Amino acid sequence: MSAPSSKPTVSEREAREVAEAAREQEWRKPSFAKELFLGRFRLDLVHPHPMPSAEAAQRGEEFLAKLRDFCETKVDGALIEREARIPDEVINGLKELGALGMKIDTKYGGLGLTQVYYNKALALAGSASPAIGVLLSAHQSIGVPQPLKLFGTDEQKETFLPRCARTDISAFLLTEPDVGSDPARLATTAVPDGDDYVLDGVKLWTTNGVVADLLVVMARVPRSEDHKGGITAFVVETNSPGITVENRNAFMGLRGIENGVTRFHQVRVPAANRIGPEGAGLKIALTTLNTGRLSLPASCVAAGKWCLKIAREWSAAREQWGKPVAQHEAVGSKISFIAATTFALEAVTDLASQMADEDRNDIRIEGALAKLFASEQAWLMADELVQIRGGRGFETAESLAARGERAVPAEQILRDLRINRIFEGSTEIMHLLIAREAVDAHLSVAGDLIDPEKSLTDKAKAGANAGVFYAKWLPKLVAGQGQLPYSYSEFKREVDLSVHLRYVERTARKLARSTFYAMSRWQGRMETKQGFLGRIVDIGAELFAMSAVCVRAELLRTTEDHGRQAYQLADAFCRQSRIRIEELFGRLWTNTDDLDRKVVKGVMSGTYAWLEDGIVDPSGEGPWIADATPGASQKDNVHRPIR
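Q: Go over the side chain of Asn 208, please, and point to the residues and values.
A: Position of Asn 208 relative to the elements: it lies in the loop between strand 3 (196-207) and strand 4 (214-221). When its relative accessible area of 2% is taken as the criterion, Asn 208 is described as buried. If sequence neighbours within four positions are ignored, Asn 208 has contacts with Val 134, Leu 135, Ala 138, His 139, Ile 169, Ser 170, Ala 171, Glu 258 and Asn 259.

See the structure below:
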């Protein structure tokens, strides 16, 4: 038996339909961010700031203390960077510590940490070595434990979760050489055969795949009389006959990660290992990522804290023109940005994580916004740190040490953070994903009006529904609490944050009006206006971050000794954020989007090929995309389980 070798041919509309079918169609719980995009500032959904239980906090703090000791005494980040590999003894030490089971329930041998403390642990481990943070998060955030927790049967949980908690490393396999953010073109197949499925295909960029014991694999089941078919999720044993890890990939950053290319040839997987029904694979993947994405903001928080520490220490020690460089405004503004943004990233991450633990809200937009905002801002912070360090920021830590200076890996953190803008949904894809959720209320009532394939009857019905919805909704966008000078007065202290919350309320309504106007103007062409949609989402991300920092500052005022300082940082961030928001609003309607499309057409047609003259292309020979035709592997297996 062999799988079909041809790649799926998918139209743009079919690809959208696959993506649409995979997303959660209903909103069963409230969503702060969804309301924000609709112009409704529901501060009550995030304030007072949710908190972990005393028991959860104690359990989390006890583990963090053990993990900190391990990272300080057993982890050599420079060695991992130099040798591009986490030593086996470090990974085994993490296993003994229980770090593989941080998110797994205690009844399966895990630690049962909350999302908040899981993220704190990832930030701590990632600060010692980003590769360790990736190892742990790829295993638990998107690997076998999380899909089984959400969709697995009792038998699957009892079989696999104890292994994942202590001994077995897992990986998530979705991407293929010719399939990135468009899963409708997925080519790996799972053909039913009795009580098994037979897998054939090639998976690319399998983080943890080189050392994994268990895999979550997404494959396409052919539709037949007895099978619904569709993209389906499976738990696969990596030592199964027919699995070959053909390559360990190397990258500009995260040099220690075990990321590879995995080929499946006639791999038999028991039907009992299927997660959920046939065709539910993408929905499982997207639901898993709702909270799984929060691991990336956690790593960004750690990076921001480290950037702030180095910026502070270096800028006090380095003198130019008679005073420390921190006292020069050009450098000081960068330090202020790093400090305020680090506070914001921690506020956003902790709030979204605690909301996930509380399970009172639907956080699909909040989690996505946290990932988007944190990955973009952390990259900017690292870039500013390199600039503050000057030539030393461009020099490697090893070179600095060789000539007698402190080995500060500023250039490494810049390289390590770059992938976060691509991991688990690129910035561009996140813009589209969030925009789709943000306009869901509009599409649910008026979508048929702009769908060219709908009948006149459907359009008439949609028009009536839309009339009722907008008659109630639009008047509420005219005025609100943001125009009342004493609103949110509980946030008015020595530093006044109430002004920023009033701004958030007013701006949320302005954002909703802008979105409505754009939908009225472009209708069915709205989905092609990706520049506009990206700016809408970025404004929403800034508003979410402003809300989070104010709520966090008030929490710290009532629970910590540094509440006054928290208010100062929140104020600084909000003022910086407001400048960015106003610029984004200006670019909604004044931009070069139309001109850019013309230039792109010229570039792709070769009109500007003359501009490429005068260089030598150092690229090697070979196809742009590697051949992924199913079949037996012709390469050595570089899989290396760690025991």
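Text resumes after the structure shown.
Q: Talk me through the nonpolar core; I want residue IDs and the actual numbers.
A: Leu 369 and Val 549 are the most contacted members of the largest nonpolar core, which has 94 residues in total. If you tally residues by element for this core, the top one is helix 21 (residues 530-559), at 16 residues. In contact with Val 549, other than residues within four places in its own chain, are Phe 343, Ala 344, Ala 347, Ala 570, Phe 573 and Cys 574. By size, the runner-up hydrophobic cluster in this structure holds 39 residues, among which are Ala 57, Ile 80, Leu 94 and Tyr 118.

Q: Before we move on, could you go through helix 16 (residues 410-418) and cite the residues and values that matter?
A: In terms of burial, helix 16 is largely enclosed, as eight of its nine residues are buried. On its buried side, helix 16 packs onto helix 4 (77-83), helix 7 (130-142), helix 11 (295-317), helix 13 (364-389) and helix 14 (391-394).

Q: An account of the environment of Gly 602 is requested, with residue identities and associated values reported.
A: Its location among the elements puts Gly 602 in helix 23 (residues 593-605). Residues in contact with Gly 602, not counting those within four places in the same chain, are Thr 607 and Tyr 608.

Q: Got a sec to walk through the pairing of strand 2 (residues 189-193)? Specific residues and values, please.
A: For strand 2 and strand 3, the ladder comprises five bridges, and the chain directions are antiparallel. Within the sheet, the bridge partner assigned to Ala 190 lies in strand 3 and is Leu 199. As consecutive antiparallel partners, strand 2 and strand 3 are separated by two residues, and within that stretch Gly 194 has a phi angle of approximately 65°, a positive value.

Q: Any chance you could break down the confidence of the model for the protein for me, citing the residues and the numbers?
A: Of all residues in the protein, 97% have pLDDT values of 70 or greater, and the mean over the chain is 93. Long-range and interchain partners of residues 1-5, a stretch whose pLDDT sits below 50, account for 14 contacts in this model, where long-range means more than four residues apart.

Q: Tell me about the pattern of salt bridges, and please be specific about residues and values.
A: Side-chain pairing between opposite charges can occur once the charged atoms of the two side chains come close. All told, the structure shown has 45 salt bridges when counted by the stated rule. A salt bridge links Asp 359 to Lys 29; the shortest N-O distance between them is 2.7 Å. A residue pair is termed long-range when its members are at least 10 positions apart, and Asp 359 in the loop between helix 12 (329-358) and helix 13 and Lys 29 in the loop between helix 1 (12-22) and helix 2 (32-37) qualify at 330 residues. By relative accessible area, which is 49% here, Asp 359 ends up partly exposed. Asp 350 is paired through a salt bridge with Lys 120; the nearest N and O atoms lie 3.6 Å apart. Placement of Asp 350 in helix 12 and of Lys 120 in helix 6 (residues 115-128) is noted, with a sequence separation of 230 residues between them. Through salt bridges that share partners, Arg 85, Asp 88, Arg 248, Glu 258 and Arg 640 make up one connected network.

Q: Tell me about a nonpolar patch on the surface, and please be specific about residues and values.
A: On the surface, a cluster of nonpolar side chains totalling about 840 Å² of accessible area is made up of Leu 595, Val 599, Val 600, Val 603, Met 604, Tyr 608, Trp 610 and Leu 611. Along the polypeptide, Leu 611 turns up in the segment after helix 23.

Q: Outline the packing of helix 3 (residues 54-74) against helix 5 (residues 88-97), listing residues and values.
A: Direction vectors running N to C along helix 3 and helix 5 enclose 165°, while the axes themselves pass 11 Å from each other. Taken together, the axes of helix 3 and helix 5 are roughly antiparallel relative to one another. In terms of crossing hand, the pair formed by helix 3 and helix 5 is right-handed. Together, Phe 63, Lys 66, Leu 67, Phe 70 and Lys 74 of helix 3 and Val 90, Gly 93, Leu 94 and Leu 97 of helix 5 make up the contact between the two elements. A breakdown of the residues in the contact of helix 3 with helix 5 according to their chemical character gives six nonpolar, one polar and two charged.

Q: Can you tell me about the packing of helix 12 against helix 21, naming the residues and giving the values?
A: Put simply, helix 12 and helix 21 touch, their axes get as near as 8 Å, and they point 90° apart. In this view, helix 12 runs roughly perpendicular relative to helix 21, as classed from their interaxial angle. Of the residues in helix 21, those touching helix 12 at Phe 343, Ala 344, Glu 346, Ala 347, Val 348, Asp 350 and Leu 351 are Phe 544, Ala 545, Ala 548, Val 549, Arg 552, Ala 553 and Leu 556. Here the residues of the contact of helix 12 with helix 21 sort into 11 nonpolar, no polar and three charged.

Q: Break down the state of the cysteines for me, with residues and values.
A: Scanning the model with the defined rule gives zero disulfides in all. Considering cysteine sulfurs only, Cys 300 is the nearest to Cys 71, which forms no disulfide, with 18 Å between them. On the basis of relative accessibility, which here comes to 9%, the residue Cys 71 falls in the buried class. Here Cys 550 stays unpaired: no disulfide links it, and the sulfur of Cys 574, its closest cysteine neighbor, is 3.9 Å away.

Q: Tell me about the packing of aromatic side chains, residues and numbers included.
A: One pass over the full model with this rule turns up 14 aromatic pairs. With a centroid separation of 5.0 Å and 75° between ring planes, the pair formed by Phe 469 and Tyr 470 is classed as edge-to-face. When the centroid spacing of 5.1 Å and the interplanar angle of 80° are considered together, the rings of Trp 522 and Phe 532 count as edge-to-face. Here Trp 522 is found in helix 20 (residues 498-522), whereas its partner Phe 532 is found in helix 21, with 10 residues between them in sequence.

Q: Could you give me a rundown of the environment of Arg 255, with the residues and numbers involved?
A: Note that Arg 255 resides in the loop between strand 6 (243-248) and strand 7 (259-270). With a relative accessible area of 34%, Arg 255 lands in the partly exposed category. For the pair Arg 255 and Pro 177, spaced 78 residues apart in sequence, the C-alpha separation works out to 21 Å. If we skip the residues at most four places from it in the chain, Arg 255 touches Glu 81, Arg 82, Ala 84, Arg 85, Arg 248 and Arg 415. For Arg 255, the side chain forms a polar contact with the main-chain oxygen of Glu 81, separated by 2.8 Å.

The rules we used
Residues numbered from 1 in each chain as written. Predicted model: local features only at pLDDT ≥ 70, side-chain atom pairs only at ≥ 80, totals over all residues. Heavy atoms only, no water. Helix = DSSP H or I, 4+ residues; strand = E, 2+ residues; numbered from the N terminus. Buried < 20%, exposed > 50% of the residue type's maximum accessible area, 1.4 Å probe, protein only. Contact = heavy atoms within 4.5 Å. Core = buried A, V, L, I, M, F, W, Y, C linked by side-chain atoms within 4.5 Å. Pairing = 2+ DSSP bridges. pLDDT = per-residue confidence, 0-100. Salt bridge = Lys/Arg side-chain N within 4 Å of Asp/Glu carboxyl O. Patch = residues over 30% accessible without salt bridge, like charges linked within 9 Å, V, L, I, M, F, W, Y side chains within 5 Å. Areas by Shrake-Rupley, 256 points an atom, 1.4 Å probe, with all protein chains shown as cover. Axes fitted to C-alpha atoms, helices over the stretch in contact; angles between N-to-C directions. Parallel < 35°, antiparallel > 145°, perpendicular 65-115°, else oblique. Left-handed = near helix turned anticlockwise from the far one by under 90°. Nonpolar A, V, L, I, M, F, W, Y, C, P; charged D, E, K, R; others polar. Disulfide = S-S within 2.5 Å. Phe/Tyr/Trp six-rings, centres within 6.5 Å; stacked < 30°, edge-to-face > 60°. Polar contact = N/O pair within 3.5 Å; in protein donor to acceptor, adjacent residues only side chain to side chain.

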